[in-house]
Amino acid sequence: MPGFRFISFAPWRELRLVFCTLAVLGVVLTDTALLAQTTGSGLVPFRSNGRWGYADHARRLVLPLAYDEAGPFVNEVAWVRQGTLYGYIDGGGNHITPVYYTRASNFQQGRAHVELNGETFDINPSGQRLTTPPDPEPETDYLAQGDLVRRQGKVGFRFTIGSNTVVPSDYDEIQDLHHNGLLLVRQGTKWGVLNGKGKLTLPLEYDAIRATAANAFAYPIVEQASRFGYLDNKGKLLTKVKYAFAEPFTEEVACVTTSAGKTGYIDSRGKEYFEE
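Residues numbered from 1 in each chain as written. Predicted model: local features only at pLDDT ≥ 70, side-chain atom pairs only at ≥ 80, totals over all residues. Heavy atoms only, no water.

1. Considering the side chain of aspartate 267
With respect to the secondary-structure elements, aspartate 267 resides in strand S22 (residues 263-267). Aspartate 267 sits in the buried class, given a relative accessible area of 0%. Here the side chain of aspartate 267 touches tyrosine 273 through a polar contact of 2.7 Å, side chain to side chain. If near-sequence neighbours (up to four positions away) are discounted, aspartate 267 is found in contact with His57, Leu238, Phe249, Glu252, Val253 and Tyr273. (Helix = DSSP H or I, 4+ residues; strand = E, 2+ residues; numbered from the N terminus. Buried < 20%, exposed > 50% of the residue type's maximum accessible area, 1.4 Å probe, protein only. Polar contact = N/O pair within 3.5 Å; in protein donor to acceptor, adjacent residues only side chain to side chain. Contact = heavy atoms within 4.5 Å.)

Printed below as a string of structure tokens:
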């Protein structure tokens, strides 16, 4: 399938260890949640002159440029890196844990995966070690908004939720984006987006589209000529397709790397939070 594959995320896949190095390939559909929540603290990781702090949505620096790397706030908790070690802070910049982990992940479903002295385990937002296993990943290989319609080797779509539209069987592949009546569609090797009225909101010009349950399928990543950008929740371009690497949104922010190798974050309006 050109530009499409299912991926099951292992615990360390969500880690941010050394800036943005996640190459984006294909489309990933792994959950049925609705839309990502807003950032709890209202702060976004901000990079300037190689150092990291946190800014508000007007790009005003709120927490100082005190870190070698910084992650997004999830429920008022974010990881930070100083040297080669990681720890967690709250929205006021106070340390929840010491900076002593050799690996650290974003919090998801109330737990984060860390490594300390060669041992890996999960902690809660208070920094306490968890002994219970995480909940299993839900099964998501199904169509949430309707059913495929097949005819003469092509596929269409019949909406059963939110719309009564029947999409003609004109496509080689259709994937349900699970919200807002949006469908990912492919003709030949190119992908686009249909809305609940069967109209293209994104033309069939893209090499791949990727959505993930980590942000509840919001802000899919699009690829075109080995450059990446994002879609908004209406299936239109949120940003230009210009980044060398792009990670999925977490709590309304996403980490990107420019073609010049500069790494920083953008928010759900496409605003960039880095400068050199």
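2. Quick look at the sheet that holds strand S14 (residues 183-187)
With respect to topology, four strands assemble into an open sheet ordered S13-S14-S15-S16, the strand pairing being antiparallel. Whereas interior strands pair on both sides, the edge strands pair on one side only; in this sheet they are strand S13 (173-176) and strand S16 (200-206). Averaged over all neighbouring strand pairs, the angle between strand axes comes to 15 degrees, with direction disregarded. Relative to strand S15 (residues 190-194), S14 runs antiparallel, the two being bridged by five bridges. Each bridged residue has a counterpart across the sheet, and for leucine 183 the counterpart in S15 is leucine 194. (Pairing = 2+ DSSP bridges. Axes fitted to C-alpha atoms, helices over the stretch in contact; angles between N-to-C directions.)

3. Remarks on the sheet that holds strand S1 (residues 44-48)
With respect to topology, four strands assemble into an open sheet ordered S3-S2-S1-S23, the strand pairing being mixed. One side of each edge strand has no neighbouring strand; the edge strands of this open sheet are strand S3 (61-67) and strand S23 (274-275). Judged from the three bridges that link them, strand S2 (residues 51-55) and S3 form a sheet pairing that is antiparallel. The partner of tyrosine 54 across the bridge, within S3, is leucine 63.

Spatial relationships are all this shows, so hold off on functional conclusions.
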